[in-house]
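Understanding the architecture of this molecule
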Amino acid sequence: MPNSPEISISRRGVLAGSAASAVIAATTAGAAQRAAPATLAPLPAPAPQPMPVSLTVNGKVQRLSLDPRTTLLDALREHLHLTGTKKGCDHGQCGACTVMVEGVRINSCLSLAVMHEGDTITTIEGLGTPDKLHPMQAAFVKHDGYQCGYCTPGQICSAVAVLDEIKRGVPSHVSVSLTDHPQATNIEMRERMSGNICRCGAYSNIAEAMAEIAGENA
Amino acid sequence: MKAFTYERAGSAADAAAKVASTPNAKFIAGGTNLLDLMKIEVETPQHLVEVNGLGFDKIEATPEGGLRIGALVRNTNLASDARVRRDYGVLSRAIVAGASGQLRNKATTAGNLLQRTRCPYFYDTNQPCNKRQAGSGCAAIGGYSRQLAIIGTSDACIATYPGDMAVAMRVLDAQVETIDARGQARVIPIADFHRLPGTTPRIETALAPGELITAVTLPKPIGGQHFYEKVRDRASYAFALVSVAAVIQKDGSGRVALGGVAHKPWRVEAAEAQMPAGSRAVAAQLLAGARPTRDNAFKVPLAERTLAAVMNEARAA
Ligand SMILES: Cc1cc2nc3c(=O)[nH]c(=O)nc-3n(C[C@H](O)[C@H](O)[C@H](O)COP(=O)(O)OP(=O)(O)OC[C@H]3O[C@@H](n4cnc5c(N)ncnc54)[C@H](O)[C@@H]3O)c2cc1C
Ligand code: SF4
Ligand code: FES
Ligand code: FES
């Protein structure tokens, strides 16, 4: 494993705290979510039984046997060792875990791997390689769309998916008209990227990288 | 997360029967609310029945001129449907005002209706919460209650229903279609679907154990201008402090429901007669009997002003 557990856990704690407090603003829920669980289950838990799961990840068929509790994120990182996809909050709040499933972006932390039997998944490793970057990856480099880079794989997967969603006519909260085809304007892209939180605040450069790619495809 | 066993349902009746007959079993659809709560052990099901393969993922025209939305239609697909955007704009607007693009791609119609409260004490297993553990008390009463309910509350619970989509469905008079463990289908009007907390805040909806949602139907379009105005602490990606779903006709008549103020989408049909008289008159009747806390008393004028803004916009258009 490239990440030592101490480092990934402390980083996770820091990011989870910031993302949680951003989403559930000014409440105690951020801290509450990591509080020790009380004894709630009345019956003893069943012993976990591994289940077979087959996924096509970045073009390769992967057959796994997983505890049903395994999230898609943990299957990718811990079982397939595709550590490009990051764990920030593990609660759907930060977007660091964004991957594409059947061409659509989701939070891999809030999905069980067993819910994806037969699905085709693209992670940051599948978008491009160091010698052959995806145009969005190249644009992030060109426009300095990151500082520490922790949120970046999720940002890039989301950015690629956002341009596709605009192309497919998916409306957003800031679309003036529901019936006109949405355009890849700055305000549209910012709204659609709101599920990806960047602790380093690289937002404006991310928007510039996206604008360049959106312009090329227009 | 507690261990659980897992199966994919073969049919709707099979899914309902399995959940009804297995102790501590639950359906899972998108998983975006259930897994979130399972990770912190607020939810501890021992068996999950996945319903994504049941084929309830279509939006179809009904013979009455409305739409039948499958329980498993993803929120993004519902908000993007051309018929919904054209005829039920309030619903598209409410959906895209909630959560994030990634979450809406995964979240389903049924799962969205059944999302649980965001009361911070419900999430904190070290705190008393009658909704999480019956009889344990309510930490929110006398605690931090800025986001919580102002009307329809009880001495047991002051939580809100946090969702956006259902508020639009309430204004549209949607109906929830279900099937139970015996294979019996029934239709529940959205007005009766979510319950007030009363003395049993654990029981949040009219669903029986194991009852599976199969679809939500919308009656034929009612025209008018459609609005979903959501007021929150940030411009995006936050739950509502107050939201207003409204359909307003040319003559000034219309329908209105509020989100973020009660344990269910809040609509009082009688108050809508006041629409031509203005937002004050409507809000006075809509929120008559409100019992806000010190922390959330601001929601009463905020709801009225948000409604005023929507009614002004309707007049200006
Ligand atoms: C960070 C974050 C921000 C969010 N912000 C918003 C917001 O601003 N506005 C908003 O409205 N929502 C918001 N949400 C909530 C989101 O909309 C819900 O998580 C989602 O709609 C739940 O749908 P699902 O299919 O994933 O449900 P699941 O998690 O699969 O299920 C939820 C519940 O429904 C039950 N269920 C599922 N399908 C059926 C069925 N067919 N019949 C009977 N029972 C069923 C399950 O047993 C479970 O109890 C947010 C969520 C997160 C994580
Ligand atoms: S308001 Fe309801 S959900 Fe919140 S602590 Fe009280 S009982 Fe629990
Ligand atoms: S890890 Fe934060 S959204 Fe999944
Ligand atoms: S979190 Fe550091 S670059 Fe976004």
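Source: prediction; values computed, not measured.

Focus on the overall build of chain A
Summing up its helical and strand segments, chain A has eight helices and five strands in all. From first element to last, N terminus to C terminus, chain A shows the α and β order α-α-β-β-α-β-β-β-α-α-α-α-α. Evaluated residue by residue, chain A yields a buried proportion of 53% over its 218 residues. Sequence-distant contacts, at least 24 apart, represent 54% of the contacts inside chain A between residues at least 6 apart. Total accessible area computed for chain A in this model is approximately 9500 Å², and 56% of it derives from carbon and sulfur atoms.

What to know about the sheet that holds strand β9 (residues 225-231) of chain B
Each strand in a sheet pairs with another by means of backbone hydrogen bonds, the pair being arranged parallel or else antiparallel. Residues and elements named next belong to chain B. The strand order across the open sheet built from three strands is β9-β10-β11, with neighbouring strands paired in antiparallel fashion. The sheet is open, and its two borders are formed by β9 and β11 (254-259), each paired with just one other strand. Sheet twist, expressed as the average angle between the axes of neighbouring strands with direction ignored, equals 10 degrees. Judged from the seven bridges that link them, β9 and strand β10 (residues 242-248) form a sheet pairing that is antiparallel. In the strand pairing of β10, tyrosine 228 is matched with alanine 245.

Considerations on the packing of aromatic side chains
All names here are of chain B. If you walk through the whole model with that rule in mind, you get one aromatic pair over all chains. When the ring of phenylalanine 122 is compared with that of tyrosine 123, the centres are 6.0 Å apart and the planes differ by 80 degrees; the resulting orientation is edge-to-face. Relative accessible area serves as the criterion here: at 1%, phenylalanine 122 is assigned to the buried category.

Some points on the site of ligand 2
Within the structure, ligand 2 sits among 13 residues, and Cys119, Cys129, Cys138, Cys157 and Ile158 of chain B are positioned closest to it. When grouped by side-chain class, the residues that make up the shell around ligand 2 number 11 nonpolar, one polar and one charged.

Remarks on the site of ligand 1
Taken together, 34 residues lie around ligand 1, and Phe27, Gly31, Thr32, Thr108 and Asp164 of chain B are the ones closest in. Ligand 1 sits at a junction of chains, with neighbouring residues supplied by chains A and B. For ligand 1, an oxygen atom lies 2.9 Å from a polar atom in the backbone of glycine 30 of chain B. Alanine 238 of chain B is positioned with one of its backbone polar atoms (N or O) 3.5 Å from an oxygen atom of ligand 1. Look at ligand 1: alone it shows 980 Å² of surface, and the protein chains cover 97% of it. Mapped by element, the contributors of at least two residues to the shell around ligand 1 are β2 (25-28), α7 (109-113) and β8 (212-218) of chain B. Of the residues assigned to the shell around ligand 1, the class counts are 15 nonpolar, 14 polar and five charged.

A word on the nonpolar core
Counting residues in hydrophobic clusters, the biggest one holds 52 residues, and the most contacted among them are Leu54, Leu78, Leu91, Leu113, Met169 and Leu212 of chain B. The element contributing the most residues to this core is helix α9 (residues 165-171) of chain B, with six residues. Split by domain, the residues of this core number at least three in each of domain 1 (5-49) and domain 2 (225-316) of chain B. In terms of nonpolar packing, the next biggest core, distinct from the first, is built from 33 residues, Leu64 and Leu82 of chain A together with Ile28 and Tyr237 of chain B among them.

Side note on the sheet that holds strand β1 (residues 51-57) of chain A
Residues and elements named next belong to chain A. Overall, mixed pairing links the five strands, which are arranged β2-β1-β5-β3-β4 in an open sheet. The outermost strands of the open sheet, each flanked by one partner alone, are β2 (60-66) and β4 (104-107). Strand-to-strand twist in this sheet, taken as the mean axis angle between neighbours without regard to direction, amounts to 40 degrees. In this fold helix α3 (residues 72-79) packs onto β1, β2, β3 (98-101), β4 and β5 (120-122), with an angle of close to 105 degrees to the strand it touches most, β2. With respect to the sheet, helix α6 (residues 152-167) is in contact with β3 and β4, its orientation differing from that of β3 by roughly 45 degrees.

Considering the pattern of salt bridges
With the rule as written, the count across this model stands at 32 salt bridges over all chains. With a closest N to O distance of 3.0 Å, glutamate 165 of chain A and arginine 105 of chain A form a salt bridge. Linking glutamate 165 of chain A in helix α6 with arginine 105 of chain A in strand β4, this pair joins segments that are 60 residues apart in sequence. Each member of the pair, glutamate 165 of chain A together with arginine 105 of chain A, is buried. Salt bridges sharing common partners tie together Arg170, Asp173, Arg255, Arg267, Glu269 and Glu272 of chain B.

Here's the deal with the domain arrangement of chain A
Quoted interface sizes are often the accessible area lost when the parts come together. Residues and elements named next belong to chain A. Taken domain by domain, chain A holds domain 1 (50-127) and domain 2 (129-218). Here domain 1 and domain 2 have C-alpha centroids that lie 21 Å from each other. With 16 residues of domain 1 in contact, the opposing surface of domain 2 contributes 18 residues. Overall, the association of domain 1 and domain 2 removes approximately 1500 Å² of surface from exposure, summing both partners, and the carbon and sulfur fraction of that is 57%. Taken as a group, Arg105, Ile124 and Leu127 account for 43% of the area that domain 1 buries against domain 2, more than any other trio of residues on that side. Linking domain 1 with domain 2 are one salt bridge, by the criterion used here. Where domain 1 meets domain 2, there are seven residue pairs in polar contact (both at pLDDT 80 or more). If you list the elements that add at least two residues to the side of domain 1 that touches domain 2, you get β3, β4 and α4 (124-127). When the residues that make up the side of domain 1 that touches domain 2 are grouped by side-chain class, the tally is six nonpolar, seven polar and three charged.

What about the interface of chain A and chain B?
At the interface, 63 residues of chain A touch 57 residues of chain B. Of the roughly 5100 Å² buried where chain A meets chain B, counting both sides, 58% is carbon and sulfur surface. Applying the counting rule to chain A against chain B returns one salt bridge. One salt bridge connects aspartate 90 of chain A with lysine 39 of chain B, and the closest N-O pair in it is separated by 2.9 Å. For the pair chain A and chain B, the interface holds 20 residue pairs in polar contact (both at pLDDT 80 or more). For the side of chain A that touches chain B, the secondary structure elements donating two or more residues are α1 (5-23), α2 (29-32), β4 and α6 of chain A. In terms of residue count, β4 of chain A provides more of the side of chain A that touches chain B than any other element does, four residues in total. Here the residues of the side of chain A that touches chain B are counted per class, giving 33 nonpolar, 24 polar and six charged.

Rules behind the numbers
- Residues numbered from 1 in each chain as written.
- Chains lettered and ligands numbered in written order.
- Predicted model: local features only at pLDDT ≥ 70, side-chain atom pairs only at ≥ 80, totals over all residues.
- Heavy atoms only, no water.
- Helix = DSSP H or I, 4+ residues; strand = E, 2+ residues; numbered from the N terminus.
- Buried < 20%, exposed > 50% of the residue type's maximum accessible area, 1.4 Å probe, protein only.
- Contact = heavy atoms within 4.5 Å.
- Areas by Shrake-Rupley, 256 points an atom, 1.4 Å probe, with all protein chains shown as cover.
- Pairing = 2+ DSSP bridges.
- Axes fitted to C-alpha atoms, helices over the stretch in contact; angles between N-to-C directions.
- Phe/Tyr/Trp six-rings, centres within 6.5 Å; stacked < 30°, edge-to-face > 60°.
- Near = heavy atom within 4 Å.
- Nonpolar A, V, L, I, M, F, W, Y, C, P; charged D, E, K, R; others polar.
- Polar contact = N/O pair within 3.5 Å; in protein donor to acceptor, adjacent residues only side chain to side chain.
- Core = buried A, V, L, I, M, F, W, Y, C linked by side-chain atoms within 4.5 Å.
- Domains from an automatic or database assignment.
- Salt bridge = Lys/Arg side-chain N within 4 Å of Asp/Glu carboxyl O.
- Buried area = accessible area lost by both parts, 1.4 Å probe.

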